[in-house]
Amino acid sequence: MATQGANEILVDHPLILVDHHPLLPQLKKNEQLSIPIEEMLAKFDRSSEHLWRPYQELICIHRVHEKLHKATEPSSYAPLMVSIGPFHRGKESLKAMEECKLHYMRNVLNRTREEHNFDSIQRVFKNCVESIGKMEEKIRQCYSETINLESKEFIEMMVVDGLFIIGIFHALTGTKLVDDKFLFHNIWGKNTLLWDLLLMENQIPIFVLERLFSLTADHKNHPKGMSFQGVALNSFKDNIELPRKINTITKLKLASLGEDVTLLRNQGIITHTLGTDEDVCNIFNKLCSDIYLKDDYYADIHKRVNIYYCDRWNFCKATLRRTYFDNPWAGIYLVAATLFLILSLIGVIIRLLEYVKSKKAP
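Residues numbered from 1 in each chain as written. Predicted model: local features only at pLDDT ≥ 70, side-chain atom pairs only at ≥ 80, totals over all residues. Heavy atoms only, no water.

K.L.:
A description of the overall build of the protein should follow, citing residues and the corresponding values.
P.N.:
If you tally the helices and strands in the protein, you get 15 helices and 3 strands. The buried share among the 362 residues of the protein stands at 30%. Across the protein, the fraction of contacts at a sequence separation of at least 24, relative to all contacts at a separation of at least 6, is 59%. Surface accessibility of the protein: about 26400 Å² in total, with carbon and sulfur atoms responsible for 59%. (Helix = DSSP H or I, 4+ residues; strand = E, 2+ residues; numbered from the N terminus. Buried < 20%, exposed > 50% of the residue type's maximum accessible area, 1.4 Å probe, protein only. Contact = heavy atoms within 4.5 Å. Areas by Shrake-Rupley, 256 points an atom, 1.4 Å probe, with all protein chains shown as cover.)

This is the structure:
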């Protein structure tokens, strides 16, 4: 039997078999177990906020599952050079880039300086801080977990990291790349940095970058109407090669064998600097390890490709093209053989007609 007091529930001990449970106090017979209601409700409220936070609509920046981090050593999902945002902030191996961030931030602010007016830089920087400060709560809601940083440190991180990214993009798309000692004289560093900027855990919200970009835009030296997305795309396009069209789709398979990787490499679809094609094959085979795929963006394409492949006429055409028209000489031989067969058939028909005609003649 349970009775309720002002702030607690009293449960008659004989009605519930809890006397041997290791996590509950040991009670004597006919004693009552006291459960404080307000304390329990407070725990429920805190746990509810924590448990349901990853499913809020604004969240767009998530942690990568620990299993994926452990798939490679070092983790392919952790930054090697620079920390962007809160998830990897303060790591000892990434602190060397903090001074570099300030360098690129100064470059961005210097672009906004009005002639003979150094106060304009402070004014623009103040606008950046105030503008990001107004969006602090919205920014925090974009992360899948609570960010335990004070307001001042959080806003400073967003402004510095955001202006650093904009400064990097300016350096990559501008004409002064030769003067940029970090990017121009450090090819390994540039490639590693760009890769770090693509990592899921190493992000800040896109609207933060767009706001900082608009506040620091150099309208004199920047094309009118150029957006942050356009600058970002121009920054990556020279460092990311798009695959060329495959000659026949029937040759494209999952790279489960070394021969598949060889085919993709010969077609210019992939390039690698690993030891052998089998090493690349092993990477492909581990891509979906511990990953549950309910659906994907290419499901409709997969369905249409399978329908096309299972059509007997399309299959016959592809087989004919692959077998007899794989090179020009094979096609010429096939055409010549076909003409010879047709001419031979015509000759046989003519002789048969002459034979029938001669039989009918008196």
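K.L.:
Which residues make up the packing of aromatic side chains, and what values go with them?
P.N.:
Counted by the stated rule, this structure contains 6 aromatic pairs. With a centroid separation of 5.5 Å and 80 degrees between ring planes, the pair formed by F87 and Y143 is classed as edge-to-face. Of the two residues, F87 is situated in the loop between α2 (66-69) and α3 (98-111) and Y143 in the loop between α5 (136-140) and α6 (151-173); the sequence distance between them amounts to 56 residues. Assigned by exposure class, F87 and Y143 land together as buried. Plain terms: the ring middles of Y104 and F164 are 5.8 Å apart, the flat faces sit at 75 degrees to each other, and that makes the pair edge-to-face. (Phe/Tyr/Trp six-rings, centres within 6.5 Å; stacked < 30°, edge-to-face > 60°.)

K.L.:
An account of helix α12 (residues 277-285) is needed here, citing residue identities and associated values.
P.N.:
Since the α-helix packs 3.6 residues into each turn, any two residues three or four apart lie on the same face. Turning to α12, its buried residues are D277, V280 and C281. Projected onto a plane normal to the axis of α12, the buried residues spread over an arc of 105 degrees and lie on a single side. (Arc of directions from axis to C-beta.)

K.L.:
Requested: an account of the side chain of D196, with residues and values cited.
P.N.:
Structurally, D196 can be placed in helix α8 (residues 187-196). The side chain of D196 sits in the buried core without any salt bridge; K101 is the nearest counter-charge, 10.0 Å away. Every residue in contact with D196, bar those within four places of it in the chain, is listed here: P79, L80, M81, V82 and N202. (Lys, Arg positive; Asp, Glu negative; His and termini not counted. Salt bridge = Lys/Arg side-chain N within 4 Å of Asp/Glu carboxyl O.)

K.L.:
Summarise the confidence of the model for the protein; cite the residues concerned and give the values.
P.N.:
Summarising the model, the protein shows a mean pLDDT of 76, and 67% of its residues fall at 70 or more. pLDDT under 50 marks residues 7-24. Its contacts with residues more than four places away, or in other chains, come to 47 contacts. Counting interchain partners and residues more than four positions distant, the pLDDT-below-50 stretch residues 242-252 has 14 contacts. (pLDDT = per-residue confidence, 0-100.)

K.L.:
An account of the environment of E259 is requested, with residue identities and associated values reported.
P.N.:
By the secondary structure assignment, E259 is in helix α11 (residues 258-266). In sequence terms E259 and C281 are 22 residues apart; their C-alpha atoms lie 9.0 Å from each other.

K.L.:
Would you mind going over a nonpolar patch on the surface in detail, with residue names and values included?
P.N.:
On the surface, L320, Y324, F325, V335, L339, I342, L343, I346 and I350 cluster together to form a nonpolar patch covering roughly 830 Å² of accessible area. Residue assignment for the nonpolar patch shows that the elements contributing at least two residues are α14 (312-324) and α15 (328-360). When residues of the nonpolar patch are assigned to their parent elements, the largest contribution, 6 residues, is made by α15. Within the fold, I346 resides in helix α15. (Patch = residues over 30% accessible without salt bridge, like charges linked within 9 Å, V, L, I, M, F, W, Y side chains within 5 Å.)

K.L.:
I'd like a rundown of the packing of helix α4 (residues 119-134) against helix α9 (residues 206-215), residues and numbers included.
P.N.:
Direction vectors running N to C along α4 and α9 enclose 155 degrees, while the axes themselves pass 10 Å from each other. As summarised for this structure, α4 and α9 are arranged roughly antiparallel, according to the angle between their axes. In the packing of α4 onto α9, the handedness of the crossing is right-handed. Contact residues: α4 offers V124, N127, C128, S131 and I132, while α9 offers V208, R211, L212 and L215. When its residues are assigned to classes, the contact of α4 with α9 shows 6 nonpolar, 2 polar and 1 charged. (Axes fitted to C-alpha atoms, helices over the stretch in contact; angles between N-to-C directions. Parallel < 35°, antiparallel > 145°, perpendicular 65-115°, else oblique. Left-handed = near helix turned anticlockwise from the far one by under 90°. Nonpolar A, V, L, I, M, F, W, Y, C, P; charged D, E, K, R; others polar.)

K.L.:
How would you summarise the packing of α4 against α6 if you had to cite specific residues and measurements?
P.N.:
Where α4 meets α6, the closest approach of the two axes is 9 Å, and the angle between their N-to-C directions is 125 degrees. On the basis of their axis angle, the class for α4 and α6 is oblique. Every pair of crossing elements has a handedness; the one defined by α4 and α6 is right-handed. Here F125, C128, V129, I132 and G133 of α4 come into contact with α6, specifically with I155, M158, V159 and L163. Classifying every residue of the contact of α4 with α6 gives 8 nonpolar, 1 polar and no charged.

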